[in-house]
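Here is what each chain is made of, one letter per residue.
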Amino acid sequence: MSAFSTTKTRPTATLTESITAPRTGGRRPRRPYDTDVTRLLPRWLLIVVIAVIIAFIAVPVLYILFGSVNSDVAVARGEYFPSEFTLSNYVEIWSTVALGSGLLNSILTAGAVAVASAALAVSTAYVLVRFRFLGRLTILRGLLALQSIPGTLLLLPVFVVFSNIASATGVQIIGTRWGLFVTYLTFALPFSTWVMVTYLRGLPKELEEAARIDGASSGRILRSVVLPLSWPGIVVSAIFAFLLGWNDVLFSTIMTTPNTRTVAVVLQVLGTTQEGGAVPIYGQMMAASIVCAVPVVALYLIFQRYLVGGLTAGSVK
């Protein structure tokens, strides 16, 4: 037998195949089933829906932005585009109300709540997820039940408790920043804990078991293994706790004094201020709204890469 008889040669294409073969320039030819069959809406309708959503978001934001550089009378007349641009509103807001003090109080209070709630939530969630003990399910259900109680029902009890503590100990709580901090932490901690419980359930236990085999304690595992893997969930819980303190008006109106007012209360006071006793200062109100939105927007831009991972935690196992 010849040695060439065992050699496998590649079959050459026939003339018909060469003519009918599609010219794709080296790319795989498109097949009928390569289209996106998972798309819910047709392409043109999807574009229309997205355009409508963007318009609903952009029109109010642009109205506030244009109104902040317009005069109060022009805004009162209903002008959308300013007839004359002026930056005086951004200068006058600092003297009309104590906007700087309100921003400082909000940043300190909401920032402290964000850090404290995230730190307490990750340690509490680690215990609730990785350990089994009596009353564990009761605690989880209690945290969930606290989210269904509206804040208006808790305003009077919290005020009475703080007043009784001040009467019994002589320590003033109402009207202080740390009193507002304790109030916000009471509402932020249950939500932050549930976010971290959901996130930690999706982390693999094998990493912690390997660290435990190497002799690491539970505290060391939490610091060296769980925390580095939990940054998306920690960031999400911290941001939502920050927004809770930043946007609150109900408790900050009752629990603060003129020196400890948050920015939300300052904006409320600015909304009731009138120029010349007739026209509200719409321009300054919108300028102050833009200024107060800057810290929150900056916070989202800085930590946006963690938000998607934290919000979708636990959705896929």
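Residues numbered from 1 in each chain as written. Predicted model: local features only at pLDDT ≥ 70, side-chain atom pairs only at ≥ 80, totals over all residues. Heavy atoms only, no water.

Caption draft 1: Representation of the layout of surface pockets in the model. There is about 320 Å³ of room inside the largest pocket. Together, 19 residues line the largest pocket, and L146, Q147, F187, A188 and L244 are the ones closest to its centre. Per-element tally for the lining of the largest pocket: the top contributor is helix α8 (residues 177–201), with 7 residues. Of the residues in the lining of the largest pocket, the class split is 13 nonpolar, 5 polar and 1 charged. (1 Å grid on protein atoms, 1.4 Å probe; cavity = no way out; pocket = protein on both sides within 12 Å on 5 of 7 lines; lining within 4 Å. Points joined across faces, edges and corners; volume = space filled by probe spheres on them. Helix = DSSP H or I, 4+ residues; strand = E, 2+ residues; numbered from the N terminus. Nonpolar A, V, L, I, M, F, W, Y, C, P; charged D, E, K, R; others polar.)

Caption draft 2: Spatial organisation of helix α7 (residues 151–169). Over its 19 residues, α7 extends 26 Å from the first C-alpha to the last, a length consistent with the 27 Å expected when each residue adds 1.5 Å. What α7 keeps buried is the set L155, V158, F162 and A166. In a view along the axis of α7, the buried residues occupy a sector of 85 degrees, so they form one face of it. Opposite the buried face of α7, by more than 90 degrees, sit the exposed residues L153, L156, S167 and A168. At its buried positions, α7 is contacted by α8 and α12 (250–255). Where α7 terminates, the next one or two residues include G170, which has phi positive at roughly 80 degrees. (Expected span 1.5 Å × (residues − 1). Buried < 20%, exposed > 50% of the residue type's maximum accessible area, 1.4 Å probe, protein only. Arc of directions from axis to C-beta. Contact = heavy atoms within 4.5 Å.)

Caption draft 3: Structural context of empty space enclosed by the protein. Tallied over the entire structure, the rule returns 1 cavity of 30 Å³ or more. Within this model, the largest cavity holds a volume of roughly 30 Å³. Residue lining of the largest cavity: L203, P204, L207, E208, V225, V226 and L229, and that is the complete set. At 3 residues, helix α10 (residues 218–229) tops the list of elements feeding residues into the lining of the largest cavity. Taken together, the residues that form the lining of the largest cavity break down as 6 nonpolar, no polar and 1 charged.

Caption draft 4: Summary view of the UniProt feature "transmembrane region" (unreviewed entry) in the protein chain. According to UniProt, the feature "transmembrane region" (unreviewed entry) maps to residues 44–66, 107–131, 143–166, 178–200, 221–246 and 281–303 in the numbering used here. A helix fraction of 100% and a strand fraction of 0% characterise residues 44–66, whose end C-alpha atoms lie 31 Å from each other. End C-alpha to end C-alpha, residues 178–200 measures 30 Å, and it is 100% helix and 0% strand. (UniProt positions renumbered as here; feature names shortened; annotations may be inferred.)

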